[in-house]
Amino acid sequence: MPTITSTKNPLIQAVKALQTRAAREESGLFLCEGEHMVAEALRYAKSSVTAVFVTEGRQQAYAALLEASPKNHIYTVPDHVLDTLTQVKTPQGIAATVRLPARAALDSLGSRVVLLEAVQDPGNVGTILRTADAAGFDACVLTAGCADPFAPKTLRATMGSIFRMPIVTQSSAPQAAETLRAQGYAVLASVLDGDDFYTRAPLPQKVCLLIGNEGAGITPPLAAVATHRFRLPMRGGAESLNAAIAAAVFMYDIVNRG
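Residues numbered from 1 in each chain as written. Predicted model: local features only at pLDDT ≥ 70, side-chain atom pairs only at ≥ 80, totals over all residues. Heavy atoms only, no water.

> Looking at this structure, I do not really get the overall build of the protein. What am I missing?
Regarding its fold elements, the protein presents 10 helices and 10 strands. Relative to the 2.2 N^0.38 estimate, which gives 18 Å for 258 residues, the radius of gyration of the protein is 20 Å and therefore close to what a compact globule would have. Seen through its C-alpha atoms, the protein measures out along the principal axes to roughly 60 × 40 × 30 Å. Taken over 258 residues, the protein has a buried fraction of 49%. Contacts in the protein between residues far apart in sequence, at least 24 positions, make up 80% of those at least 6 positions apart. Carbon and sulfur atoms form 50% of the exposed surface of the protein, whose accessible area is close to 11,900 Å². When the 23 basic and 22 acidic side-chain charges of the protein are each reduced to a single mean position, those positions are 2 Å apart. (Helix = DSSP H or I, 4+ residues; strand = E, 2+ residues; numbered from the N terminus. Rg over C-alpha atoms; globule rule 2.2 N^0.38 Å. Buried < 20%, exposed > 50% of the residue type's maximum accessible area, 1.4 Å probe, protein only. Contact = heavy atoms within 4.5 Å. Areas by Shrake-Rupley, 256 points an atom, 1.4 Å probe, with all protein chains shown as cover. Lys, Arg positive; Asp, Glu negative; His and termini not counted. Charge placed at Lys NZ, Arg CZ, Asp CG, Glu CD.)

The following block contains the structure:
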């Protein structure tokens, strides 16, 4: 396998640029960092993996991953070269570039969807994607103001669920919710003045859960689209939950009880 020793190598420079959203969108690629994420990419999106970078001396440790990687697209690099590609403090010695998946369409989703409005924290967006995958939701709709799902911090928070959870991007959260409502989805708003979530009647089979901004919550135009308004009861002194935690509670209970 070829070795790249300079951070000024054109390929290394192009991969380093993937730390920005503009470069990811222009190139159609994103970077996976670490053993687990590279393994998930090779397991669920192998045909989309365009290059694998492994630090010198770690080839044996990652022999199984390299064997599964596309041939003629594996590069060994010194530690300092890989360090320039990743944003983690202690890189694990392997990374891969992957083609951005085709975005899903609003008319091709499953029966359970979570829609995020201006959820800005990459960790929250990544955790919600991971939880949706784990709970059994079918897709996630990201609207204006949401963190990029393919940013490094978001990707790490997904723990590989980015390769299994279909993502739809829409500019307007209210319009997206209106479209789903017209398709027969019950649209559930998470709001502080809603009805107690645990006293609800059974929900329809098709559900769209709305999760709003970490500080401001769901905007009035989006809340106006909702067919149901729910709150999680706060029996202690806290007034609200973190967006990702609230989404997890809602999603698991929707799947388990309907």
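Alright, that's what it looks like, and here's the rest.
> Just to check I follow, could you spell out the sheet that holds strand 10 (residues 228–231) for this structure?
Whether parallel or antiparallel, the strands of a sheet pair through hydrogen bonds between backbone atoms. Spatially, the six strands line up as an open sheet ordered 7-6-5-9-8-10, and their pairing is parallel. The sheet is open, and its two borders are formed by strand 7 (167–169) and strand 10, each paired with just one other strand. Here the strands of the sheet are splayed against their neighbours by 30° on average, with no regard to which way each runs. Bridge count between strand 5 (residues 112–116) and strand 6 (residues 139–142): four bridges; the pairing is parallel. Bridge pairing in strand 6 links L115 to V141. (Pairing = 2+ DSSP bridges. Axes fitted to C-alpha atoms, helices over the stretch in contact; angles between N-to-C directions.)

> Looking at this structure, I do not really get the sheet that holds strand 3 (residues 74–77). What am I missing?
The mixed open sheet is built from four strands, whose spatial order is 1-4-2-3. Looking at strand neighbours, the two that pair on one side only are strand 1 (29–33) and strand 3, the edges of this open sheet. Geometrically, the sheet is characterised by an average inter-axis angle of 20° between neighbouring strands, direction not taken into account. The strands touched by helix 3 (residues 35–44) within the sheet are strand 1, strand 2 (49–55) and strand 4 (94–99), with strand 4 carrying the most contacts at an inclination of about 35°.

> Would you take a moment to explain a nonpolar patch on the surface for this structure?
Together, M234, L241 and I245 line one region of the surface with nonpolar side chains, adding up to about 240 Å² of accessible area. Among the secondary structure elements, I245 is positioned in helix 10 (residues 243–257). (Patch = residues over 30% accessible without salt bridge, like charges linked within 9 Å, V, L, I, M, F, W, Y side chains within 5 Å. Salt bridge = Lys/Arg side-chain N within 4 Å of Asp/Glu carboxyl O.)

> Sorry if this is basic, but what is going on with the packing of helix 6 (residues 122–135) against helix 10 here?
To describe two helices that pack against each other, one gives the angle between their axes and the distance between the axes. Look at helix 6 against helix 10: their axes get within 9 Å of each other, and the N-to-C directions meet at 15°. Our classification of the angle between helix 6 and helix 10 gives roughly parallel. For helix 6 against helix 10, the interelement crossing comes out right-handed. The residues of helix 10 that touch helix 6, namely those facing N124, T127, I128, T131, A132, A134 and A135, are A243, A244, A247, A248, M251, Y252 and V255. Among the residues forming the contact of helix 6 with helix 10, the class breakdown is 11 nonpolar, three polar and no charged. (Parallel < 35°, antiparallel > 145°, perpendicular 65-115°, else oblique. Left-handed = near helix turned anticlockwise from the far one by under 90°. Nonpolar A, V, L, I, M, F, W, Y, C, P; charged D, E, K, R; others polar.)

> Could you clarify how one ought to interpret the pattern of salt bridges in this entry?
Enumeration over the complete set of coordinates arrives at nine salt bridges. For R156, the salt bridge is made with E33, and the minimal N-O distance between the two is 3.5 Å. Of this pair, R156 sits in helix 7 (residues 152–158) while E33 sits in strand 1, placing them 123 residues apart in sequence. Judged by relative accessible area, which is 11%, E33 ranks as buried. Bridged by salt links that share partners, the residues R21, R24, E25 and D148 form one connected network.

> Can you walk me through the packing of aromatic side chains in this structure?
Any pair of aromatic rings gets described here by the distance separating the centres and the angle formed by the planes. A full pass over the atoms with the stated rule returns six aromatic pairs. Ring centres of F30 and F150 lie 4.9 Å apart, and the angle between their planes is 45°; this geometry places the pair in the tilted category. Of this pair, F30 sits in strand 1 while F150 sits in the loop between strand 6 and helix 7, placing them 120 residues apart in sequence. The exposure classification of F30 matches that of F150, with both residues buried. Centre to centre, the rings of F53 and Y75 are 5.5 Å apart; their planes meet at 20°, and the pair counts as stacked. Of this pair, F53 sits in strand 2 while Y75 is found in strand 3, placing the two residues 22 residues apart along the sequence. (Phe/Tyr/Trp six-rings, centres within 6.5 Å; stacked < 30°, edge-to-face > 60°.)

> What am I meant to see in the nonpolar core here?
Most often, soluble globular proteins keep nonpolar side chains buried together rather than apart. Ranked by internal contacts, the top residues of the largest apolar core, which has 52 residues, are V114, L116, F163, I211 and M251. Among the elements that line this core, the one with the most residues is helix 10, at seven residues. Once residues within four sequence positions are removed from consideration, V114 is found in contact with I128, A132, F137, A139, C140, V141, L209, I211 and M251. (Core = buried A, V, L, I, M, F, W, Y, C linked by side-chain atoms within 4.5 Å.)

> What am I meant to see in the state of the cysteines here?
Think of a disulfide as a covalent bridge from one cysteine sulfur atom to another cysteine sulfur atom. For the structure on display, the rule yields zero disulfides. Cysteine C32 remains unbridged, with the sulfur of C140 as its closest cysteine sulfur at 18 Å. Overall, C32 belongs to the buried group, its relative accessible area being 0%. Looking at C208, it has no disulfide partner, and the nearest cysteine sulfur is the one in C140, 9.6 Å off. (Disulfide = S-S within 2.5 Å.)

No statement about biological role is implied by the geometric values presented.
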